[in-house]
Amino acid sequence: MSNLSENRINVVLAATDVTTINESINAILSKIPENTTLTDSQRSSYTAIDVSNKVFSEDVLTEARATGTGVLPPYIDLDALQNDLTIFNQLDAIESGITNLLQRVKDAKRIAGHEAFGMANKAYKSYRDASDAGIANAKSGYDKLKVRFESQGKSGGRTNDVTP
């Protein structure tokens, strides 16, 4: 943290807001069909649809609706193909929004963590310096806090110096 006075996130979400967010996540999850969870094996074996495969699927649907009578066997279900393409498009738009949301959450979390750890390191160094200077109550606090850094390499000099 280069500037201790800069604190981009200095708020706490209200408990009611956290509840609302979690309820909203659960509401979204409840709208996704339950049989859509894959195993790791299925994730690696199912064909992903890219832009060209999607366009091809749409072209097949269009052509089959126009000229498929007498060409396609009865087990080719064009309504199922239409439904799959429709929900694919719907889920693609939802995924885009959730991806943006997730990136925002991750960024906010990273900022908060960066700021918290940076400020904690500054406070820790103050405890260390105060302990070195013999300030009352500093040694016990420093001894509790220094455990975090004791397992790091001891290559000469101070082993408890931290660079966030």
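Residues numbered from 1 in each chain as written. Predicted model: local features only at pLDDT ≥ 70, side-chain atom pairs only at ≥ 80, totals over all residues. Heavy atoms only, no water.

Q: When you look at the overall build of the protein chain in this model, what are you seeing that I'm missing?
A: For the protein chain, the count of helices and strands is six helices and zero strands. Going residue by residue from the N terminus, the α and β elements of the protein chain occur as α-α-α-α-α-α. Relative to the globule expectation of 15 Å for 164 residues, the C-alpha radius of gyration of the protein chain, 28 Å, shows a markedly less compact shape. The principal-axis extent of the C-alpha atoms belonging to the protein chain is close to 95 × 40 × 30 Å. (Helix = DSSP H or I, 4+ residues; strand = E, 2+ residues; numbered from the N terminus. Rg over C-alpha atoms; globule rule 2.2 N^0.38 Å.)

Q: Can you walk me through helix H4 (residues 78-132) in this structure?
A: An α-helix turns once per 3.6 residues; consequently, residues spaced three or four apart project the same way. For H4, with 55 residues, the first-to-last C-alpha span of 78 Å sits near the 81 Å given by 1.5 Å per residue. Taken together, the buried positions of H4 are occupied by Leu78, Leu85, Ile111, Glu115, Gly118, Asn121, Tyr124, Lys125, Arg128, Ala130 and Ser131. At its buried positions, H4 is contacted by helix H3 (51-67), helix H5 (138-145) and helix H6 (147-150). The distance from a side-chain oxygen at the start of H4 to the backbone nitrogen of aspartate 79 is 3.1 Å, and the residue carrying that oxygen is aspartate 77. Directly after H4, the chain includes glycine 134, whose backbone phi takes a positive value near 80°. (Expected span 1.5 Å × (residues − 1). Buried < 20%, exposed > 50% of the residue type's maximum accessible area, 1.4 Å probe, protein only. Contact = heavy atoms within 4.5 Å. Polar contact = N/O pair within 3.5 Å; in protein donor to acceptor, adjacent residues only side chain to side chain.)

Q: How do you make sense of a nonpolar patch on the surface when you look at a structure like this?
A: Together, Leu13, Val18, Ile21, Ile25 and Leu29 make up a nonpolar patch on the protein surface, roughly 450 Å² of accessible area in all. When you line up the elements, isoleucine 21 lands in helix H1 (residues 15-31). Owing to a relative accessible area of 41%, isoleucine 21 belongs among the partly exposed residues under this scheme. (Patch = residues over 30% accessible without salt bridge, like charges linked within 9 Å, V, L, I, M, F, W, Y side chains within 5 Å. Areas by Shrake-Rupley, 256 points an atom, 1.4 Å probe, with all protein chains shown as cover. Salt bridge = Lys/Arg side-chain N within 4 Å of Asp/Glu carboxyl O.)

Q: Sorry if this is basic, but what is going on with unusual backbone geometry here?
A: With the exception of glycine, most residues fall at negative phi, and the peptide bonds are largely trans. Even without a glycine there, the phi angle at asparagine 137 is positive, about 70°. Here asparagine 137 is to be found in the loop between H4 and H5. For asparagine 137, a relative accessible area of 69% corresponds to the exposed category.

Q: When you look at the packing of aromatic side chains in this model, what are you seeing that I'm missing?
A: Any aromatic ring pair is given by two values, namely how distant the centres are and how the planes are angled relative to each other. Within this structure, the stated rule accounts for two aromatic pairs. Aromatic pair tyrosine 124 and phenylalanine 149: ring centres 5.1 Å apart, planes at 45°, arrangement tilted. Remark: phenylalanine 149 occurs in helix H6 and tyrosine 124 occurs in helix H4; sequence separation between them is 25 residues. Here tyrosine 124 falls in the buried class, since its relative accessible area comes to 3%. By relative accessible area, which is 4% here, phenylalanine 149 ends up buried. (Phe/Tyr/Trp six-rings, centres within 6.5 Å; stacked < 30°, edge-to-face > 60°.)

Q: What is the right way to look at the pattern of salt bridges in this model?
A: In a structure, side chains of opposite charge can pair up when their charged atoms sit close to one another. Tallied over the entire structure, the rule returns six salt bridges. The closest approach of N and O atoms between glutamate 58 and lysine 54, which form a salt bridge, is 2.9 Å. Remark: lysine 54 and glutamate 58 occur in helix H3; sequence separation between them is four residues, near one turn of the helix. For glutamate 58, a relative accessible area of 28% translates into the label partly exposed. One salt bridge in this structure joins aspartate 143 and lysine 146, with 3.4 Å as the shortest N-O distance. Assessed through its relative accessible area of 22%, lysine 146 is described here as partly exposed. If you follow the salt bridges from partner to partner, you end up with Lys139, Asp143 and Lys146 in one network.

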